[in-house]
Amino acid sequence: MALLSVNPQTVLPSCGSWWVTFSCTGDFTDRVRAYRMLDASELALATGKRLQVWFRDDKMHNGYCLADRIDVIR
């Protein structure tokens, strides 16, 4: 999961506060893809880069929306 600087509930009210999930359990995407998104988010944090995160509320883990794409902003 990743903690966002903007609350996902402002866009999709059914999402949990501040966090999104990558589904590392493999329920909604394959585990390799989920861990790559997690790695990219950790790399952005470590290097001070910003991320653009796309998420959806039709697939959720424990009330948190699924992030199905992330881009590192240069």
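Cut-offs used in this document
Residues numbered from 1 in each chain as written. Predicted model: local features only at pLDDT ≥ 70, side-chain atom pairs only at ≥ 80, totals over all residues. Heavy atoms only, no water. Helix = DSSP H or I, 4+ residues; strand = E, 2+ residues; numbered from the N terminus. Contact = heavy atoms within 4.5 Å. Salt bridge = Lys/Arg side-chain N within 4 Å of Asp/Glu carboxyl O. Buried < 20%, exposed > 50% of the residue type's maximum accessible area, 1.4 Å probe, protein only.

### With respect to the environment of V72
Link 1 in the chain: Counting through the fold element by element, V72 comes out in strand β4 (residues 64-73).
Link 2 in the chain: C-alpha of V72 to C-alpha of T47: the two residues are 25 residues apart in sequence and 11 Å apart in space.
Link 3 in the chain: With sequence-adjacent residues up to four places away left out, V72 is seen in contact with A40, A44, K49, R50 and L51.

### Overview of the pattern of salt bridges
Link 1 in the chain: As enumerated under the stated definition, the model contains 3 salt bridges in all.
Link 2 in the chain: The shortest N-O distance in the salt bridge between D68 and R56 comes to 3.5 Å. Of this pair, D68 sits in strand β4 while R56 sits in strand β3 (residues 50-61); the two residues are 12 residues apart in sequence, bridging distant segments of the chain.
Link 3 in the chain: Here R56 falls in the partly exposed class, since its relative accessible area comes to 27%.
Link 4 in the chain: With a shortest N-O distance of 3.0 Å, D71 and R69 are connected by a salt bridge.
Link 5 in the chain: For R69, a relative accessible area of 44% translates into the label partly exposed.
Link 6 in the chain: One continuous salt-bridge network, built from bridges that share partners, spans R56, D58 and D68.

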